[in-house]
Structure formats: C-alpha cells, structure tokens
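Residue strings, one per chain:
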Amino acid sequence: MELKLNKPICFFDLETTGIDIGKDRIVEISIFKVFPNGNKESKTWLVNPTIPIPPQTTAVHGITDEKVANEPTFTELAPLIHNMIKDSDLGGFNSDRFDIPLLAEELLRAGVDFDMKNKVSVDVQTIFHKMEERTLSAALKFYCGKSLENAHSAEADTMATYEILKAQLDRYPELENDMKSLSEFTTRKKIADFAGMIAFDKDDEEIFTFGKHKGAKVEKVLEAEPGYFSWIQNADFPLYTKKVLTGIKLRKLNTK
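In the nomenclature of an unreviewed UniProt entry, the protein is known as DNA polymerase III subunit epsilon of Flavobacterium johnsoniae.

Given below as structure tokens:
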C-alpha cells in the first residue's frame, strides 16, 4: 500500500552521541522524503558533533570521533536539513520521544526557528507497540518478512521505518491512510513541547507537568509569579520548551 499524502512526509533517523535530548548531539542523520506524486528523495549526512562520542555509544552505531572529524557540523548542515523538511510532515521510529525533540534542539541551537505548527508527526514505533509490542528489527521481520541488515545505521533504520509503515497500513484496515489520522493514533499524550514539560489539560489549556507548579495552568503561573519564566529561561531546560513558554507569554500579553 502506498501512502496517501496531501503534502510531503520526511522519514528520518538520527545516530547521536547519547540519549540526553538537551545535551547530546547528532553524528548521523538520514532523511527519506516521499512526495504526494510518488517521487522520493533521500539524503544522509555524517555530522561532526563537536563533542566526544562516548565509546559505549560508538559500540552501538559504529561511528567514531575519527570518522566524523572532517565532516560538517550540524550548524553548517542546518540550512540544508531545514530546507528538506520545512514543507513536510515527519515520520520515524520512536521519533516523537527522541528524534524530533533532539532535532529541534539542534536546529534551534543553529539559529533555525523550527516548530511543528504546520506539520504532523507519525511515530511508526507507537503503531507497532500498540499492535504488537516489538523492536524495529522484529517489526521489519513481522510486517515485511525481511531481516534488518546494518541495524543502527541511520539509512537502514530510516528505510526500514518507511517499509514498516506501508506494511502496517496493509495489515490493519482500521488504520486510516492519512497522515493526520496516523499522527493522532501515534500521539501518546497531548503535549505542547517535545520534552513533555508543558501539556494540555481537559480544557485544552497548557499546564506544567513538573515542579512546584505541576498541574497548574501556565498562563496563571506566569501572571502570578513572573520570575518563574525567567528562572526557566536561564536554567538547563530544552530550547524548544523555552520557545513554547515564550510563545504562551507573548500570547497572553497580546490579549491584554
């Protein structure tokens, strides 16, 4: 089954220096772009993370400091990457919880004003976990009858993710072949930022999910305790969380 698309979708996968979204860096990124007319475009870049790659991480993906020493930094690649994804929805495997948040941090760090306002995300892992509870390799075997060669290679994982989503649509007729529906199906909880520090309550209003104001409406906290905004902006929070919080504050100011 081919995907029914109203706009392009970019499947992507990252290999990184670790799993800390705020501090770790990308060492490889592969993007596979599918257009509504069926055309496809693929790009893979090795990235100099500008920080050491821990040996335990190299043991997983095989990328060493020496391998990326002469590769471009993410800041250098950011315009190319953003240009490829800016008109597209995003798809990946565990992408809602890891790849998209980390990519957003890298783009914002590079001065690219990235957000998800006009795009949706489809996390193929969530479909898989809701239906079968397995890993990427097992998913490819289960849905496509194929073995995943070169696992933890960004390009191999990206292509496997694309193949799995198409096979999932064939297997589950209750899944609608529409990116908005798939995005809603793969969303675990409704959050305003990628890190899940700002979520939406039953009234669709932003609330904090951490700290002393956990469960409190963001607008009311910012109004009653202006210093809380400054504290978050100056503390070690993800850049995208700070961006979302700034947007809420500006929205409130504009309604006065």
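From this point, the narrative continues.
Undergrad: Before we go on, may I ask you to explain the nonpolar core in this structure?
TA: Across soluble globular proteins, nonpolar side chains show a tendency to be buried alongside one another. Counting residues in each nonpolar core, the largest one holds 41 residues, and the members touching the most others are Ile-29, Ile-31, Leu-103, Phe-114 and Phe-208. Sorting the residues of this core by element identifies β1 (9-16), β2 (26-34), α3 (74-85), α4 (95-109), α9 (218-224), α10 (226-234) and α11 (239-254) as the ones contributing at least two each. The biggest single contributor to this core is α4, with seven residues. Here this core spans two domains, and each of domain 1 (9-128) and domain 3 (198-255) adds at least three residues to it. Ignoring any residue separated from it by four or fewer positions in sequence, one finds Phe-114 in contact with His-82, Ile-85, Leu-90, Ala-104, Leu-107, Leu-108, Lys-119, Phe-194, Tyr-240 and Lys-243.

Undergrad: Got a minute to help me understand the confidence of the model for the protein in this structure?
TA: Parts of the model with low pLDDT should not have their predicted coordinates read in detail. Averaged over all residues, the pLDDT of the protein is 93; the fraction at 70 or higher stands at 98%. Averaged pLDDT values for the elements of the protein fall to 90 in helix α5 (residues 124-131) and rise to 98 in β2.

Undergrad: I tried to follow the packing of aromatic side chains on my own but got confused; where do I start?
TA: Working definition: an aromatic ring pair is given by the centre-to-centre distance plus the angle between the planes. Under the counting rule described, the total for this entry stands at twelve aromatic pairs. Ring centres of Phe-208 and Phe-210 lie 5.8 Å apart, and the angle between their planes is 85°; this geometry places the pair in the edge-to-face category. Seen from their ring centres, Phe-210 and Phe-237 are 5.4 Å apart, and the 45° between their planes marks the pair as tilted. Of this pair, Phe-210 sits in the loop between β7 (206-208) and α9 while Phe-237 sits in the loop between α10 and α11; the two residues are 27 residues apart in sequence, bridging distant segments of the chain. Among the residues examined, Phe-210 registers a relative accessible area of 18% and is labelled buried.

Undergrad: Would you take a moment to explain the pairing of β1 for this structure?
TA: In regular strands, side chains alternate between the two faces of the sheet. Along β1, eight of the eight residues are buried, which leaves the element largely enclosed by surrounding structure. In the sheet, β1 pairs with β2 via eight bridges, with the strands oriented antiparallel. Considered in β2, the bridge of Asp-13 is made with Ser-30. Note that β1 and strand β4 (residues 89-92) share three bridges and pair parallel. Its bridge partner lying in β4, Phe-11 is registered against Gly-91.

Calculation notes
- Residues numbered from 1 in each chain as written.
- Predicted model: local features only at pLDDT ≥ 70, side-chain atom pairs only at ≥ 80, totals over all residues.
- Heavy atoms only, no water.
- Core = buried A, V, L, I, M, F, W, Y, C linked by side-chain atoms within 4.5 Å.
- Buried < 20%, exposed > 50% of the residue type's maximum accessible area, 1.4 Å probe, protein only.
- Helix = DSSP H or I, 4+ residues; strand = E, 2+ residues; numbered from the N terminus.
- Domains from an automatic or database assignment.
- Contact = heavy atoms within 4.5 Å.
- pLDDT = per-residue confidence, 0-100.
- Phe/Tyr/Trp six-rings, centres within 6.5 Å; stacked < 30°, edge-to-face > 60°.
- Pairing = 2+ DSSP bridges.

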